[in-house]
Amino acid sequence: MIAVWHCQGVTSPSTAGAVRQGSLRELNLAVVLRRIATADRPPSRAEIAAETGLTRATVSAVVDDLIGGRLVAEADPAPRTGAGRPARGLVLAGNGPAGLGLEVNVDYLAACVVDLAGTVRHHVVRRADLRPVSPADALARLAALAADARAAAARQGLTLAGAALAVPGLVDAGGLVRLAPNLGWRDVDVPALLAGHRLTEPVDGVPPLVVENEANLAALGELHAGPPGSASFLHISGEIGIGAGIVLDGRLYRGARGWSGEIGHIPVHPEGRPCRCGGRGCLERYAGQEVVLAAAGLAGADLPADTAATRLAELAAAGDPATRTALADAGTALGVAVAGVVNLLDLDTVVLGGGYAPLAPWLQPPVVAELSRRVLTAAWSPVTVRPAALGARSAAVGGAASVVRRIVDRPVGWLAHSG
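What counts and what doesn't
- Residues numbered from 1 in each chain as written.
- Predicted model: local features only at pLDDT ≥ 70, side-chain atom pairs only at ≥ 80, totals over all residues.
- Heavy atoms only, no water.
- UniProt positions renumbered as here; feature names shortened; annotations may be inferred.
- Helix = DSSP H or I, 4+ residues; strand = E, 2+ residues; numbered from the N terminus.
- Rg over C-alpha atoms; globule rule 2.2 N^0.38 Å.
- Buried < 20%, exposed > 50% of the residue type's maximum accessible area, 1.4 Å probe, protein only.
- Contact = heavy atoms within 4.5 Å.
- Pairing = 2+ DSSP bridges.
- Axes fitted to C-alpha atoms, helices over the stretch in contact; angles between N-to-C directions.
- Parallel < 35°, antiparallel > 145°, perpendicular 65-115°, else oblique.
- Left-handed = near helix turned anticlockwise from the far one by under 90°.
- Nonpolar A, V, L, I, M, F, W, Y, C, P; charged D, E, K, R; others polar.
- Salt bridge = Lys/Arg side-chain N within 4 Å of Asp/Glu carboxyl O.
- 1 Å grid on protein atoms, 1.4 Å probe; cavity = no way out; pocket = protein on both sides within 12 Å on 5 of 7 lines; lining within 4 Å.
- Points joined across faces, edges and corners; volume = space filled by probe spheres on them.

As recorded by an unreviewed UniProt entry, the protein carries the name ROK family transcriptional regulator and is attributed to Micromonospora sicca. The heading Sequence similarities (unreviewed entry) in the UniProt record of the protein holds the text "Belongs to the ROK (NagC/XylR) family."

Structure representation (structure tokens):
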């Protein structure tokens, strides 16, 4: 071990060199791993050296470290097209670190595991009406799902390196849920309630648990799973509540206090129906899942959270008049709210996620119609409205993926753990 001594803020020349050497290794590890993670095809060591400007010897040493740490694996060589032995490509390993994504929503719990390459290796949704349940009880149930996910990951040779929990509400930087109106939560210290449960392995540089608004995590998932070129968009998660994640130039916009995206509480009828938040006429009261189900004649139907949208889609596809009218009305209300956001932020893409994703064929036309009527620039720059690439599981998958991206960005922390 190399000790670094400090004296009145001055580092000695010998230890300064050690610091620089350590920092250089950390940088090289990150550069090479990111190159492998973002490649269209498995790159060889020589290709990485040529593209990064690192020497072949440096790349070879870094790759050996990454392979030894279960971050990278060698792929089968491509068919030979000329003289000489074909080079072996490099891919992200499928038996190393993984991220745990968790979600608490009004009527379900979810847990998923995503490996370093972004592949979902485990995903479970458990139906539960959590409104009459205390936060402690709800999180204890979630911890049981997390334990099952951890066991499933271990059976596949994966190690959970961190967890991200999605909650439908206002979450501060310390993981305190200030307000989740549809759950009835106020000032719930989620990390404290989960402190007795070991969800993941400790890894330097990766928080053991991040608590985040569910729409934000869904937007992050879409940012990396969606089609190329989607650098700025509004991701809308349609469940019983409605939230939005705002991505601007490839970065999640959180707002001054981290509470942006509460599109469900934009009033679309200022003197309209009362909302759980205390206001009136909020978008959730006209386009939320329970409202749409009731308008389609399915109020009180015993539908699991992960199939309610599927049932609505089945009825709409079959031409059921009540369902189609319910979805048209919800889409119109949604379009009114979204038009204001687009006018304010100059976004060119709207992504329908969560329970809205399977309903996109019926929600999209009224949303587009309202955007065409209300967005000032729509005549020469129409807004694209499309379903989310990750569908209804965006938040949990996006949370898990955010963990593994931390490892790709700073692999030295994982290597210290695995070594």
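1. A look at the overall build of the protein
When its secondary structure is counted, the protein shows 13 helices and 17 strands. Here the C-alpha radius of gyration of the protein, 24 Å, is about what a compact globule of 419 residues would show, namely 22 Å. Relative to its full complement of 419 residues, the protein shows a buried share of 49%. The long-range share in the protein, meaning contacts at least 24 apart out of those at least 6 apart in sequence, stands at 64%.

2. Some words on the pairing of strand β16 (residues 349-354)
Most of β16 is tucked away, with 6 of its 6 residues classed as buried. By the bridge criterion, 5 bridges tie strand β13 (residues 233-238) to β16 in an arrangement that is parallel. Bridge pairing in β16 places G238 opposite G354. Alignment of β16 against strand β17 (residues 384-387), held across 4 bridges, turns out to be parallel.

3. Some remarks on the sheet that holds strand β11 (residues 185-189)
Strands sit in the order β9-β10-β11 across an open sheet of 3 strands; the sheet is antiparallel. At either margin of the open sheet sits one strand with a lone partner, and together these are β9 (170-171) and β11. Pairing analysis gives 4 bridges linking strand β10 (residues 176-180) to β11, with the strands arranged antiparallel. When the sheet's bridge partners are listed, A180 is paired in β11 with W185.

4. Notes on the UniProt feature "domain: HTH iclR-type" (unreviewed entry) in the protein
Feature annotation in UniProt places "domain: HTH iclR-type" (unreviewed entry) on residues 32-72, given in this structure's numbering. Across residues 32-72, the secondary structure splits into 68% helix and 2% strand, with the terminal C-alpha atoms separated by 10 Å.

5. A word on unusual backbone geometry
With a phi angle near 50°, D187 is a residue other than glycine that sits in the positive phi range. Along the chain, the position of D187 falls in strand β11. For D187, a relative accessible area of 45% corresponds to the partly exposed category. At D249, a residue that is not glycine, the phi angle is positive and equals roughly 50°. Within the secondary structure layout, D249 lies in the loop between β14 (242-248) and β15 (251-253).

6. With respect to the packing of helix α2 (residues 45-52) against helix α3 (residues 56-68)
α3 packs onto α2 with a crossing angle of 120° between their chain directions and a minimal axis gap of 9 Å. Considering their axes alone, α2 and α3 lie oblique with respect to each other. Note on packing geometry: the crossing formed by α2 with α3 is right-handed. Along the contact surface, α2 presents R45, A46, I48 and A49, while α3 presents R56, V59, S60, V63, D64 and I67. Split by residue class, the contact of α2 with α3 holds 6 nonpolar, 1 polar and 3 charged.

7. Side note on the pattern of salt bridges
For the coordinates displayed, the defined rule picks out 23 salt bridges. Between E51 and R35 there is a salt bridge whose closest N-O contact spans 2.2 Å. One end of the pair, E51, is in helix α2; the other, R35, is in helix α1 (residues 13-38), with 16 residues separating them in the sequence. Its salt-bridge partner being R41, residue E47 comes within 2.8 Å of it at the nearest N-O pair.

8. Some remarks on the side chain of E370
Following the sequence through the fold, E370 ends up in helix α11 (residues 360-374). Beyond its immediate stretch of four places on either side in the chain, E370 contacts T332, G335, V336 and V375.

9. With respect to the layout of surface pockets
Taken as a whole, the largest pocket spans an internal volume of roughly 1200 Å³. Lining the largest pocket are 46 residues, and of these L220, H224, A401, V404 and R405 sit closest to its centre. When contributions to the lining of the largest pocket are tallied by element, the ones reaching two or more residues are α1, β4 (90-92), β8 (159-167), β12 (209-213), α6 (214-225), β15 and α12 (394-409). With 9 residues, the top contributor of residues to the lining of the largest pocket is α12.

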